[in-house]
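# Architecture and fold: a report
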Amino acid sequence: MVKKIKNLKEFSLSNDRFEGANLMCPGCSHNIIVREVLNATDDPVIVATATGCLEVCTAVYPKTSWDVSWIHIGFENAAVAAATVSAAYEVMKKKGKLPPATQKMVDEGREPKIVAFAGDGGTYDIGFQSLSGAFERGHNFMYVCLDNEVYANTGGQRSSSTPIGASTTTSPAGSVSYGEKMMKKSMVEIMADHGAPYVAQVSPSKWKDLVKKVQKGFEVYGPVYINAQSACTTEWKHAPEDTIEVSDLGVDSCVWPLYEIINERDEHGIIYSTKLNITYRPKTKIPVEEYLAAQPRFRHLFKPENRHIIDLWQKAVDARWEYLQKREEAGV
Amino acid sequence: MAKKYELNEVEVWDGNMAAAHALRQAQVDILAAYPITPSTPIVQNYSKFLADGYVDGEFIMVESEHSAMSGCVAASAAGVRAATATSSQGFALMVEVLYQASGMRLPIVLTVVNRALAAPLNVNGDHSDMYLGRDAGWINLCSYNPQEAYDLTLMAFKIGEDLNVRLPVMVHQDGFICSHTAQNVKPMQDEEAAEFIGEFKPVNSMLDVSNPVTHGVQTEEDWHFEHKARQHHDLMNSVETIKKVFKEFEDRTGRKYDMVYTYKMDDADVAIFALGTTVESAQIAADQMREKGIKAGVVSLRVLRPFPFNEIADVLGNVKAIGVMDRSAPGGTFGAMFNEISAALLARGKSPVVLNYIYGLGGRDTTIEMLKGVYEDLAKSAEAGEAVVPLQQFVGLRGPKLAFY
């Protein structure tokens, strides 16, 4: 059942199934994203979480911040955990052996939504095999990557999501290094190429866009991938109160474009149409430099010897924005 | 509703088929698995049962053993019956999640077809995978032939799912010699097996939306110790349930199982301790030694974990010499069973000669002659009242004799 959302005030006060009383850093985007995802529906939700900031900060025995059923197994298996809970749900539904309260919800057209949350380490790197397998098998669940572009929980090491030039504890900037050497992995396209019915990139600062995409994802059958920008006050090193501003800089510079990819299938499961839609177009596309300047993890790039990396960044962002627009225009 | 599978009073099954039928009769809700020799036929057979309408649950062919066990953990936490099968490298890949399964108190059943661990790569049977996971907090049941693989797999569900236990259970069988060797097996009919195992009893099911539950929490120095202590406490106390289930099974089938298996131990002077198919070979060797006037017996474990410390000390305490056969590369010390059995004997004030034999690695054939050679060593040591050979010997090895200690 799609939840009607009138305005931010109402949305922010709606049924809270993830408690703010947790151990996350002040200004952490993870909290905002998780609340926005869970509040996008009034249907029952079941959550799997990979090892990471979200997990260690929300389920420290004997306390829990989760007012939904929740499971954490390990770092690399959030996808298979959610996928198998989904499979277990379908088996019990078929056998007519769902718990009575759950059966009642199903009878009212309110099927549980099964959601996995993992960071970029648990998604782009160590959890990628499990994620790829679960998507290939087509389980009905949503996977949300809380992408802060670094192993934040273990103290800020680079991941394959870390963008070029970022200084991390394992790709530190130094007298002979400008920091991370590799470009960020294109996770959204990789997941869309699995044939998932719905894949989208979101930012918590654009909450309506995020909620709309999550609701679309809940409406389709099959695996859904949501890549969520998660500005990290601890590792991006901006002030806690600047989280939303930094997120907006990412979106408005097109470093973090907001778009969706829809794979439409016929009754045999054959994809007959792939569409990419850009869902937010900045009125004025701001220079990437402004986004980088807001985050001390990139401070060293402003030294004369590293300025070429800022130029490279701008070129890469422009090329990618161009690519997305071309795909959108071509309807592919 | 799954179709009933018409079974003969006696079927000719290998260990894999026996395990597959037990999983089918348990009507597992989620079987998540990944193929690996020599356990592959378990999941192939199960898939065929599903394809022919004999299974109502779901078979999920995942992309790795890590995901197979992770899927079982998630399914079990969701409140459904979950099981899988594996061997060797696949088992090794599962190890991280084996600890999560037991720590989260989820009654998953894992049928393990024992195989050597690489390197060098080897597909044949030894017990290095069993030894790798023995301390993972699971109940470990050991079979020596297809009948026992079937019986113990059925019992594994009933033991693990008992509300006083709520722990995962492994059932071991030897790669190829048990898993691929067809023998007579007397199965239960489907309805009797279902009645014996009983309905799955969900505890803290994630699927119950009226009762949100948090599975897989973090505990640090303030609570971790208490959790692990409670887990060990319940694993130790599972003996009571194991014995109860063995008894109920015996009442139904006439097939008797005990924590420790013994053969001709009442008057034995020397004994071989072994696991797996070697137990049956050792019985033949013991009989042949008895023809020569040597009072030989055989001891094995039916339950590797929880370890039957007192029973082992009791059955082996009065013999003069024991040969402990370890079918796993010892990695710089004695074999694991040698250490555990020696500890049990010492703690109970018993001091027979205890010798350690490393044998059968990577599927090297274990012959009756070899086992008789072990009995010869034991008989000589028993007569001398001390070890007359090195404490650790590699037997069945080509090239120069290898011995330590």
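Everything in this summary refers to the structure shown in the same document. The numbers attached to residues start from 1 for each chain and follow its sequence in the written order. The naming scheme follows written order: chains are lettered A onward, ligands numbered 1 onward. In keeping with the model being predicted, local features are shown solely for residues with a pLDDT of at least 70 and side-chain atom pairs are shown and tallied solely at 80 or more, while totals for entire chains, interfaces and linings include all residues.

### Description of the overall build of chain A
Every helix listed is a DSSP run of H or I at least four residues long, and every strand listed is a run of E at least two residues long, numbered separately from the N terminus. Assigned secondary structure in chain A consists of 12 helices and 10 strands. Both definitions apply: the radius of gyration is a C-alpha atom measure, and the globule rule equals 2.2 Å times residues to the power 0.38. In terms of overall size, chain A behaves like a compact globule, its C-alpha atoms giving a radius of gyration of 20 Å where 332 residues would be expected to give roughly 20 Å. Taking the principal axes of the C-alpha coordinates as reference, chain A spans close to 70 × 50 × 40 Å. When each of the 332 residues of chain A is scored for burial, the buried share is 52%. Whether two residues are in contact depends on their C-beta atoms, placed from the backbone: they are in contact if these lie within 7 Å. Of the contacts made within chain A by residues no fewer than 6 positions apart, 70% connect residues no fewer than 24 positions apart. Put simply, a residue is buried when 20 or more other C-beta atoms lie within 10 Å of its own C-beta and exposed when 12 or fewer do; between those, it is partly exposed, and each C-beta is set from the backbone.

### Quick notes on the overall build of chain B
If you tally the helices and strands in chain B, you get 12 helices and 17 strands. In summary, chain B has a C-alpha radius of gyration of 21 Å against a globular reference of 22 Å for 405 residues, a match within 12%. Each principal axis of the C-alpha atoms in chain B carries an extent, and together these give about 70 × 55 × 45 Å. Taken across its 405 residues, chain B has 55% of its residues classed as buried. The contacts of chain B with a sequence gap of at least 6 include a subset with a gap of at least 24, amounting to 79%.

### Describing the interface of chain B and chain A
On the chain A side, the residues contacting the 38 residues of chain B number 39 residues. Listing elements by their share of the side of chain B that touches chain A, those giving two or more residues are β2 (30-33), β3 (58-61), α3 (65-77), α4 (88-103) and β9 (214-215) of chain B. If you tally residues by element for the side of chain B that touches chain A, the top one is α3 of chain B, at eight residues. In this count, Pro and Cys sit with the nonpolar residues alongside Ala, Val, Leu, Ile, Met, Phe, Trp and Tyr, while Asp, Glu, Lys and Arg are called charged and the others, Gly among them, polar. When its residues are assigned to classes, the side of chain B that touches chain A shows 18 nonpolar, 14 polar and six charged. Both strand β2 (residues 69-71) of chain A and β9 of chain B contribute to a ladder of two bridges, which runs parallel. Looking across to β9 of chain B, one finds that I71 of chain A is bridged to H215 of chain B. For two strands to be treated as a pair, DSSP must find at least two bridges joining them.

### Description of the pairing of strand β9 (residues 259-265) of chain A
Residue and element names in this part refer to chain A. Taken together, the four bridges between strand β7 (residues 198-202) and β9 define a ladder with antiparallel strand orientation. In the strand pairing of β9, Y198 is matched with I262. One ladder, built from seven bridges, connects β9 with strand β10 (residues 271-278); its direction is antiparallel. By the bridge assignment for β10, E260 is matched with N277. Connecting the antiparallel pair β9 and β10 is a turn made up of five residues, with G269 showing a positive phi of about 85 degrees.

### Some words on the packing of helix α6 (residues 146-161) of chain B against helix α8 (residues 224-253) of chain B
Residues and elements named next belong to chain B. Fitted lines through C-alpha atoms give the axes, limited to the stretch in contact for helices. The angle between two N-to-C directions lies from 0 to 180 degrees. It is the contact of α6 with α8, at a shortest axis distance of 10 Å, that shows an interaxial angle of 130 degrees. Between α6 and α8, the interaxial angle falls into the category oblique. By crossing handedness, the relation of α6 to α8 is classed as right-handed. In this structure, α6 uses D151, M155, K158 and I159 to contact α8, whose residues at the interface are S238, T241, I242, V245 and F249. Partitioned by chemical class, the residues of the contact of α6 with α8 number five nonpolar, two polar and two charged. Should an angle fall under 35 degrees it is called roughly parallel, over 145 degrees roughly antiparallel, and 65 to 115 degrees roughly perpendicular, with every other angle called oblique. Rotating anticlockwise by less than a right angle from the far helix to the near helix defines a left-handed crossing, while the corresponding clockwise rotation defines a right-handed one.

### Some details on the environment of S47 of chain B
All names here are of chain B. Tracing the backbone shows S47 in helix α2 (residues 40-51). When the 16 C-beta atoms within 10 Å are taken as the criterion, S47 is described as partly exposed. In the structure, S47 is positioned 27 residues away from A20 in sequence and 9.4 Å away in space, judged by C-alpha atoms.

### Quick word on the sheet that holds β9 of chain A
Across the sheet, nine strands lie side by side as β10(A)-β9(A)-β7(A)-β8(A)-β4(A)-β3(A)-β1(A)-β2(A)-β9(B); this open sheet has mixed pairing. Taken across any chain shown, the strands that pair with only one partner, and hence form the sheet edges, are β10 of chain A together with β9 of chain B. Bridge count for strand β1 (residues 45-49) of chain A against strand β3 (residues 113-119) of chain A is five bridges, and the pairing is parallel. Bridge pairing in β3 of chain A links V47 of chain A to V115 of chain A. Sheet strands touched by helix α2 (residues 29-38) of chain A: β1, β3, β4 (142-147) and β8 (224-229) of chain A. Its angle to β4 of chain A, the strand with the most contacts, is close to 160 degrees.

### Topic: the packing of α6 of chain B against helix α7 (residues 190-197) of chain B
Residues and elements named next belong to chain B. At their nearest, the axes of α6 and α7 sit 9 Å apart, and the two run at 30 degrees to each other. The pairing of α6 with α7 is recorded here as roughly parallel in orientation. Residues L154, F157 and K158 of α6 lie in contact with α7, whose contacting residues are A193, F196 and I197. The residue makeup of the contact of α6 with α7, split by class, is five nonpolar, no polar and one charged.

### Focus on the sheet that holds strand β14 (residues 321-326) of chain B
Pairing between the strands of a sheet is mediated by backbone hydrogen bonds and can be parallel or antiparallel. Residue and element names in this part refer to chain B. Spatial strand order, β10-β12-β11-β14-β15-β16-β17: seven strands in an open sheet with mixed pairing. Each edge of the sheet is formed by a strand with only one pairing partner; in this case those strands are β10 (260-263) and β17 (402-404). Along the sheet, successive strands turn relative to each other by an average axial angle of 20 degrees, direction set aside. As paired strands, β10 and strand β12 (residues 296-301) are joined by four bridges and run antiparallel to one another. Among the inter-strand pairings, Y263 is bridged to a residue of β12, identified as V298.

### Thoughts on helix α10 (residues 309-316) of chain B
An α-helical turn contains 3.6 residues, so any two residues separated by three or four positions project in the same direction. Residue and element names in this part refer to chain B. Burial in α10 covers these residues: I312, V315 and L316. Viewed end-on, α10 has its buried residues packed into an arc of 85 degrees, placing them on one side of the element. Those residues of α10 hidden inside the fold are in contact with β10, β11 (270-273), β12, β14 and α11 (336-347). By definition, the arc is the one covered by directions from the helix axis to the C-beta atoms.

### Some words on the nonpolar core
By size, the foremost hydrophobic cluster in this structure holds 224 residues, and its most contacted members are A82 and A116 of chain A. Shared between two domains, this core holds at least three residues of each, these being domain 1 (11-253) and domain 2 (261-404) of chain B. Sequence-distant contacts of A116 of chain A, that is, excluding residues within four places in its chain, are made with A48, A78, A79, A81, A82, F141, Y143 and V144 of chain A. For this analysis, nonpolar core means a set of buried Ala, Val, Leu, Ile, Met, Phe, Trp, Tyr and Cys residues linked through C-beta atoms within 7 Å. The start and end points of each domain follow an automatic or database-based domain assignment.

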